[in-house]
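# Structural description and commentary
The residues making up each chain are set out below.
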Amino acid sequence: DKFLSADDYYFTDSHWRQEKIVDVAQHIAKSMGTNIPEDYKKLTLATEFKGVYAGQSALKCKPDTISYLTNDIIENFKVTGANAIYDLNKANSKDPYEFFLSGNQPLVKIENPKNTKGERLIVFRDSFASSFMPLLAQGYSEVTMIDLRYMNSSLLNQFVDFTDAKV
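Residues numbered from 1 in each chain as written. Predicted model: local features only at pLDDT ≥ 70, side-chain atom pairs only at ≥ 80, totals over all residues. Heavy atoms only, no water.

Below, the discussion takes up the overall build of the chain. Along the backbone of the chain there are 5 helices and 7 strands. Over its C-alpha atoms the chain spans a radius of gyration of 16 Å, differing by no more than 12% from the 15 Å that the globule rule assigns to 167 residues. Overall, the C-alpha framework of the chain stretches about 50 × 35 × 30 Å when taken along its three principal axes. Here the chain holds 167 residues, and 46% of them are scored as buried. When contacts within the chain are restricted to residue pairs at least 6 apart in sequence, those whose partners lie at least 24 apart make up 66%. If you sum the accessible surface of the chain, you get close to 9100 Å²; carbon and sulfur atoms cover 49% of it. (Helix = DSSP H or I, 4+ residues; strand = E, 2+ residues; numbered from the N terminus. Rg over C-alpha atoms; globule rule 2.2 N^0.38 Å. Buried < 20%, exposed > 50% of the residue type's maximum accessible area, 1.4 Å probe, protein only. Contact = heavy atoms within 4.5 Å. Areas by Shrake-Rupley, 256 points an atom, 1.4 Å probe, with all protein chains shown as cover.)

Now the structure itself:
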């Protein structure tokens, strides 16, 4: 099955448009033995988004907009290691994509009080996970995201409990 197409990415940036990848998140969730909702409220930031391609191109590019998805589950996430799932303070920063999970962070934990199954997921992430993980995290009680670009792997056991977690 084909899930991603050029329309799923920002025109001015290499990252996924969160509102376009729900089918990808649902497919991955299902293949990992969990489910996530299909229904979301779509909101759009007022800030224009000029991604990395806009700055590198000699062409005048129309800026993108950043839309994001929310629902009762996402709104009740407890986040540690980032300011918020959707960090409105970053929406007007140099890189508005940092709006998702406060940008690149070495270690972020999402706790989902609406999921009481106790299943835990550990994800080795990059920047694409910033917009993707709010969707997938709905299928777990706890998700820990590790970015090895910003954390030495020799420190992992000091900060992450791998016991009974999917990785």
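For helix α4 (residues 129-136), a buried count of 8 out of 8 residues is recorded, marking the element as mostly surrounded by other parts of the structure. Burial in α4 covers these residues: Ala 129, Ser 130, Ser 131, Phe 132, Met 133, Pro 134, Leu 135 and Leu 136. Contacts made by the buried residues of α4 are with α1 (22-31), β2 (64-70), α3 (72-75), β5 (120-124) and β6 (142-146).

Next up on the list: the packing of α1 against α4. Helices that pack against each other are described as a pair by the angle of their axes relative to one another and the distance between those axes. Running from amino to carboxyl end, α1 crosses α4 at an angle of 60 degrees, the nearest separation of the two axes being 9 Å. By the criterion of interaxial angle, the relationship of α1 to α4 is oblique. α4 is crossed by α1, and the crossing has right-handed handedness. Side by side, α1 and α4 meet where Val 22, Val 24, Ala 25, Ile 28 and Ala 29 of the first sit next to Phe 132, Leu 135 and Leu 136 of the second. Looking at the contact of α1 with α4, its residues break down into 8 nonpolar, no polar and no charged. (Axes fitted to C-alpha atoms, helices over the stretch in contact; angles between N-to-C directions. Parallel < 35°, antiparallel > 145°, perpendicular 65-115°, else oblique. Left-handed = near helix turned anticlockwise from the far one by under 90°. Nonpolar A, V, L, I, M, F, W, Y, C, P; charged D, E, K, R; others polar.)

Before going further, it helps to spend a moment on the packing of aromatic side chains. Scanning the model with the defined rule gives 10 aromatic pairs in all. Note on Tyr 68 and Tyr 86: the rings are 4.8 Å apart at their centroids and 50 degrees apart in plane angle, and the pair reads as tilted. With a gap of 18 residues between them, Tyr 68 in strand β2 and Tyr 86 in the loop between β3 (78-80) and β4 (107-111) connect regions that are remote in the sequence. Taking the relative accessible area as the measure of exposure, Tyr 68 reaches 13% and is therefore buried. (Phe/Tyr/Trp six-rings, centres within 6.5 Å; stacked < 30°, edge-to-face > 60°.)

Here the focus is the nonpolar core. By size, the foremost hydrophobic cluster in this structure holds 38 residues, and its most contacted members are Met 133 and Val 143. Broken down by secondary-structure element, the contributors of at least two residues to this core are α1, β1 (41-49), β2, β4, β5, α4 and β6. Counting residues per element, this core draws most heavily on α4, at 5 residues. Residues contacting Met 133, with those up to four places away along its chain left out, are Leu 101, Leu 121, Val 123, Val 143 and Met 145. If you look at the next biggest cluster of nonpolar residues, it comprises 6 residues, including Ile 146, Met 151, Val 160 and Ala 165. (Core = buried A, V, L, I, M, F, W, Y, C linked by side-chain atoms within 4.5 Å.)

Inspection of the secondary structure puts Phe 3 in the segment before α1. For the pair Phe 3 and Val 24, spaced 21 residues apart in sequence, the C-alpha separation works out to 6.0 Å. Discounting residues that sit within four places of it in the chain, Phe 3 has contacts with Asp 8, Asp 23, Val 24 and His 27.

This part covers the sheet that holds strand β7 (residues 165-166). Taken in spatial order, the 5 strands line up as β3-β4-β6-β5-β7 in an open sheet, and their pairing is mixed. Looking at the sheet topology across the chains shown, the edges are occupied by β3 and β7. Looking at chain direction, β5 and β7 are connected through 2 bridges and run parallel. Within the sheet, the bridge partner assigned to Leu 121 lies in β7 and is Lys 166. (Pairing = 2+ DSSP bridges.)

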